[in-house]
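Chain residues, written in single-letter form:
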Amino acid sequence: MDLLRHLRHFVVVAHELHFGRAAELLGMAQPPLSQSIQRLERELTVELFDRSRRQVRLTTAGELLLGEAEELLAGEGRLRSLMAQIRAGELGVLRAGVPPETPAVTLRSLLDGLTVRAPGLDVELHELTTAEQVRMLAERTLDVGLVHHPVAADGLRFGAPVDVPLGVLLPRTSPLARGRAVTLASLAGLDLVAAPRATAPGWHDHLLAVCRQHGWRPTRVRPARNPEFLCGLVLAGGAVAVEPAAVARREPRMAWRPIVDAPLAKRTSAAWPDRSAHPAAAMFGQLAADVLAEPTAPEPPSTSTPGARPWPVLFDTTG
């Protein structure tokens, strides 16, 4: 027996005290409505309406049931609304990963956007490398993350990618900082400061391959996991880094110059499991793309045209 459906019928008849009008409001014929009320009476083993007179009246049982039925139906409505919010990703917990070098302003914009779009969603933000995120997404201990491409992993779906142009990060006292741009070949003899390969193998291998293709074989690669340590190694001399311009803004003694012969871009996008994904994963992915694509403060002098996007994408992302 569909108790809730019969109770809905009962509540309308109880308010109208007229089977014809109640049937019209419910969009059904009167005989099925009468049968529904009779079945409810048989189920509860009470009479809900006094039909002995020309006017339909509630019995004592009917009067008592009316309040209980309305409360039960209201609870059902709240329950359905709650489940709909969960399905839409507006409630519950979202375990999200972001790269360790993510700027504070980007994190703030991302969290503010999530608060606006899904105020009831509890976001657990974790500082994780691309490799850590890929592993945790596969283990289902992470719901969504922001990864650096290329990513060699099956079973993932990717959000809209955002490409951030890269340049050479070097001390302002370096002779290379006197020009408006540099070539990779001009970096011969210098070390490269970069994140350890284990943090994002695809990106690490891609970066070194491009450097070699354009005449620069770094003397050695010095690992640096966070921007502060990276800047310290560059300022110590004998090394440069290939990073977004935003990294240079952390340290006034640093300079950033675009690369003219081999423009590089770091591609970032959200990633989440392609099966049984968290309902909010796609929303997080689109929001992350919007935040990452937001214009930043003016960059150091560049040979590229303002507002243009001259750097080619040197790899493609499938999925």
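Residues numbered from 1 in each chain as written. Predicted model: local features only at pLDDT ≥ 70, side-chain atom pairs only at ≥ 80, totals over all residues. Heavy atoms only, no water.

Some points on the overall build of the protein chain
Point 1. Helix and strand counts for the protein chain come out as 10 helices and 12 strands.
Point 2. Looking at the 319 residues of the protein chain, the share that counts as buried comes to 43%.
Point 3. Contacts in the protein chain between residues far apart in sequence, at least 24 positions, make up 75% of those at least 6 positions apart.
Point 4. Surface exposure of the protein chain reaches about 16900 Å², of which carbon and sulfur atoms provide 53%. (Helix = DSSP H or I, 4+ residues; strand = E, 2+ residues; numbered from the N terminus. Buried < 20%, exposed > 50% of the residue type's maximum accessible area, 1.4 Å probe, protein only. Contact = heavy atoms within 4.5 Å. Areas by Shrake-Rupley, 256 points an atom, 1.4 Å probe, with all protein chains shown as cover.)

Here's the deal with the packing of helix α1 (residues 3–16) against helix α3 (residues 30–44)
Point 1. Between α1 and α3, whose axes approach to 9 Å, the crossing angle comes to 115°. If you check the angle between α1 and α3, you find them roughly perpendicular. Crossing handedness for the pair α1 and α3: left-handed. Counted together, Leu3, His6, Leu7, His9, Phe10 and Val13 of α1 and Leu33, Ser36, Ile37, Arg39 and Leu40 of α3 form the full contact between these two elements.
Point 2. Class assignment of the residues belonging to the contact of α1 with α3 gives a composition of 7 nonpolar, 3 polar and 1 charged. (Axes fitted to C-alpha atoms, helices over the stretch in contact; angles between N-to-C directions. Parallel < 35°, antiparallel > 145°, perpendicular 65-115°, else oblique. Left-handed = near helix turned anticlockwise from the far one by under 90°. Nonpolar A, V, L, I, M, F, W, Y, C, P; charged D, E, K, R; others polar.)

What to know about the packing of aromatic side chains
Point 1. A full pass over the atoms with the stated rule returns 2 aromatic pairs.
Point 2. The interplanar angle of 55° and the centroid separation of 5.6 Å between the aromatic rings of Phe10 and Phe49 together place this pair among those described as tilted. With Phe10 in helix α1 and Phe49 in strand β1 (residues 49–50), the pair connects residues that are 39 residues apart, well separated along the chain.
Point 3. Residue classification places Phe49 among the buried positions, given a relative accessible area of 1%.
Point 4. Ring geometry for Phe19 and Phe49: centres 5.8 Å apart, planes at 65°, overall edge-to-face. (Phe/Tyr/Trp six-rings, centres within 6.5 Å; stacked < 30°, edge-to-face > 60°.)

Description of the pattern of salt bridges
Point 1. Overall, the coordinates contain 14 salt bridges when judged by the stated rule.
Point 2. For the salt bridge of Asp191 with Arg222, the shortest nitrogen-to-oxygen distance reads 2.9 Å. Remark: Arg222 occurs in strand β9 (residues 221–223) and Asp191 occurs in strand β8 (residues 191–194); sequence separation between them is 31 residues. Neither Asp191 nor Arg222 differs from the other in exposure class; each is buried.
Point 3. The partner of Glu251 in a salt bridge is Arg253, with the nearest N and O atoms 2.9 Å apart. (Salt bridge = Lys/Arg side-chain N within 4 Å of Asp/Glu carboxyl O.)

Side note on the side chain of Ser36
Point 1. When you line up the elements, Ser36 lands in helix α3.
Point 2. Its relative accessible area of 4% is what places Ser36 among the buried residues.
Point 3. In contact with Ser36, other than residues within four places in its own chain, are His6 and His9.

Focus on the nonpolar core
The tendency in soluble globular proteins is for nonpolar side chains to be buried side by side.
Point 1. Ranked by size, the top nonpolar core spans 23 residues in total, and within it Trp216 and Val242 carry the most contacts.
Point 2. For this core, the secondary structure elements donating two or more residues are β7 (162–171), β8, α7 (201–213) and β10 (239–244).
Point 3. The element contributing the most residues to this core is α7, with 5 residues.
Point 4. Sequence-distant contacts of Val242, that is, excluding residues within four places in its chain, are made with Leu166, Gly167, Leu192, Val193, Leu207, Trp216, Ile259 and Leu264. (Core = buried A, V, L, I, M, F, W, Y, C linked by side-chain atoms within 4.5 Å.)

As for the environment of Trp256
Point 1. Its location among the elements puts Trp256 in strand β11 (residues 254–258).
Point 2. Sequence separation between Trp256 and Ala246 is 10 residues; the distance between their C-alpha atoms is 8.9 Å.
Point 3. Here the side chain of Trp256 touches Glu243 through a polar contact of 2.8 Å, landing on its backbone oxygen. (Polar contact = N/O pair within 3.5 Å; in protein donor to acceptor, adjacent residues only side chain to side chain.)

A few points about helix α2 (residues 19–26)
Point 1. Those residues of α2 that fall on the buried side of the exposure criterion are Phe19, Ala22 and Ala23. Across the axial projection of α2, the buried residues extend over an arc of 100°, all falling on one side. Pointing more than 90 degrees away from the buried face of α2 are the exposed residues Glu24 and Leu25. (Arc of directions from axis to C-beta.)

Side note on a nonpolar patch on the surface
Point 1. On the surface, Leu79, Met83 and Ile86 cluster together into a nonpolar patch covering about 250 Å² of accessible area.
Point 2. For Ile86, the position within the fold is in helix α4 (residues 60–87). (Patch = residues over 30% accessible without salt bridge, like charges linked within 9 Å, V, L, I, M, F, W, Y side chains within 5 Å.)

Concerning the pairing of β10
Point 1. In terms of burial, β10 is a largely internal element, 6 of the 6 residues being buried.
Point 2. As paired elements, β7 and β10 share 4 bridges and run antiparallel to each other. Note on β10: the bridge partner recorded for Val168 is Val242.
Point 3. One ladder, built from 3 bridges, connects β8 with β10; its direction is parallel. When the sheet's bridge partners are listed, Leu192 is paired in β10 with Val240. (Pairing = 2+ DSSP bridges.)

Details of the side chain of Ser269
Point 1. Tracing the sequence through the fold places Ser269 in strand β12 (residues 264–273).
Point 2. Look at Ser269 and you get buried, because its relative accessible area is 1%.
Point 3. Here the side chain of Ser269 touches His149 through a polar contact of 2.7 Å, side chain to side chain.
Point 4. Apart from the residues within four sequence positions on either side, Ser269 is in contact with Gly145, Leu146, Val147, His149, Phe158, Gly159, Ala160 and Pro161.

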